[in-house]
Amino acid sequence: MSSMNAGLDDSLRKKIIEKPGMVLDDPNVMRALVAANERAMGANIVDLRGIAMDRLETRLDRLEDTHRSVIAAAYENLAGANQIQRAVLRLLDPESFATFMEVLRGDLQDILRVDGMALILETTQQEAGAAVERVGDLLKFTEAGFIESYVSAKRSYGSDRPVILRQIGAGLPRIYGERAANLRSEACLRLDLGPGRLPGLLVFGADDPDQFTPQHGIDLLAFFGGVFERCMRRWLA
């Protein structure tokens, strides 16, 4: 017995005996012990316990990865909800349409952390054509039918979705102005402006290609779009 333990310090041996959990709970130590046991048994011996431990360890690693992913997703959803809540409260502050537009140009883009934004309104009025549209400005007037054509571009799913998230090679200069070339993803929020009015569209552009992708959920942006269109109905009235 003494020859077998010759390499183990008495104080360390005593500590392990008193607190075996410090060995059992350490995956690296346990892995080294199992490997040493397998070497001692030889290559012709199948250690079912070792196989079972490997499988349990693999399952544990998967569970830990899943746990971390769920926690990260929960924090991301909470941060997104807080972001949308702040944006909605800011939308409700202005007491004039001019102030409302200033909020869109400034605070709202900062709160939502987007690199480009445009509010598109369709019109049939002759005077709201090229002379009214100003490249680089937030508010864009377009011909009837433009919004459906724009959101349907390079898309295979139904056209009734309230929010479209997609990656893009670049933004459309007509919409984003000088920021267009740097944009790599965008969110398109359809706006129902009420009976008798042509549709509207609010678009957010981002330099990050992964900020808006079809794999992301749209619930928060759909809620924001619902609040936004109700604000627009009030101003248009």
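About the thresholds
- Residues numbered from 1 in each chain as written.
- Predicted model: local features only at pLDDT ≥ 70, side-chain atom pairs only at ≥ 80, totals over all residues.
- Heavy atoms only, no water.
- Salt bridge = Lys/Arg side-chain N within 4 Å of Asp/Glu carboxyl O.
- Buried < 20%, exposed > 50% of the residue type's maximum accessible area, 1.4 Å probe, protein only.
- Phe/Tyr/Trp six-rings, centres within 6.5 Å; stacked < 30°, edge-to-face > 60°.
- Lys NZ or Arg CZ within 6 Å of the ring centre and 35° of its normal.
- Helix = DSSP H or I, 4+ residues; strand = E, 2+ residues; numbered from the N terminus.
- Pairing = 2+ DSSP bridges.
- Expected span 1.5 Å × (residues − 1).
- Axes fitted to C-alpha atoms, helices over the stretch in contact; angles between N-to-C directions.
- Contact = heavy atoms within 4.5 Å.

Caption draft 1: Representation of the pattern of salt bridges in the model. This structure, assessed with the given rule, holds ten salt bridges. The residue Arg-90 makes a salt bridge to Asp-93 at a minimum N-O spacing of 3.3 Å. On the accessibility criterion, Arg-90 (24% relative accessible area) is partly exposed.

Caption draft 2: The arrangement of the packing of aromatic side chains in detail. Summed over the entire model, instances satisfying the criterion amount to seven aromatic pairs. The rings of Phe-97, Phe-100, Phe-204, Phe-224, Phe-228 and Trp-235 are connected pair by pair, giving a single aromatic cluster. We note Arg-234 situated over the ring of Trp-235; from NZ or CZ to the ring centre the distance is 4.5 Å.

Caption draft 3: The arrangement of the pairing of strand 5 (residues 200-206) in detail. With seven of its seven residues buried, strand 5 lies for the most part within the structure. What you see with strand 5 is no split at all: Gly-200, Leu-202, Phe-204 and Ala-206 on one side and Leu-201, Val-203 and Gly-205 on the other are buried throughout. The sheet contact formed by strand 1 (residues 116-123) and strand 5 spans six bridges and is antiparallel. Across the sheet, the residue bridging to Ile-120 is Leu-201, located in strand 5.

Caption draft 4: Local environment of helix 9 (residues 219-236). In this model, helix 9 (18 residues) spans 26 Å end to end at C-alpha, consistent with the 26 Å of a helix rising 1.5 Å per residue. Along helix 9, the positions that sit buried rather than exposed are Leu-221, Phe-224, Gly-225, Gly-226, Val-227, Phe-228, Glu-229, Cys-231 and Met-232.

Caption draft 5: Here's a closer look at the sheet that holds strand 2 (residues 139-143). Read from one edge to the other, the open sheet built from five strands follows the order 2-1-5-4-3, with strand pairing classed as mixed. Both outer strands of the open sheet, strand 2 and strand 3 (163-167), are each paired with one neighbouring strand and no more. Between one strand axis and the next, the sheet turns by 20 degrees as a mean value, whatever way the strands run. Alignment of strand 4 (residues 185-191) against strand 5, held across seven bridges, turns out to be antiparallel. Directly across from Cys-188, in strand 5, lies its bridge partner Val-203. Sheet strands touched by helix 9: strand 1, strand 3, strand 4 and strand 5. Its angle to strand 4, the strand with the most contacts, is close to 50 degrees.

Caption draft 6: Focus on unusual backbone geometry. Look at Arg-113: it is not a glycine, yet its phi comes out positive at around 55 degrees. For Arg-113, the position within the fold is in the loop between helix 6 (107-112) and strand 1. Taking the relative accessible area as the measure of exposure, Arg-113 reaches 64% and is therefore exposed.

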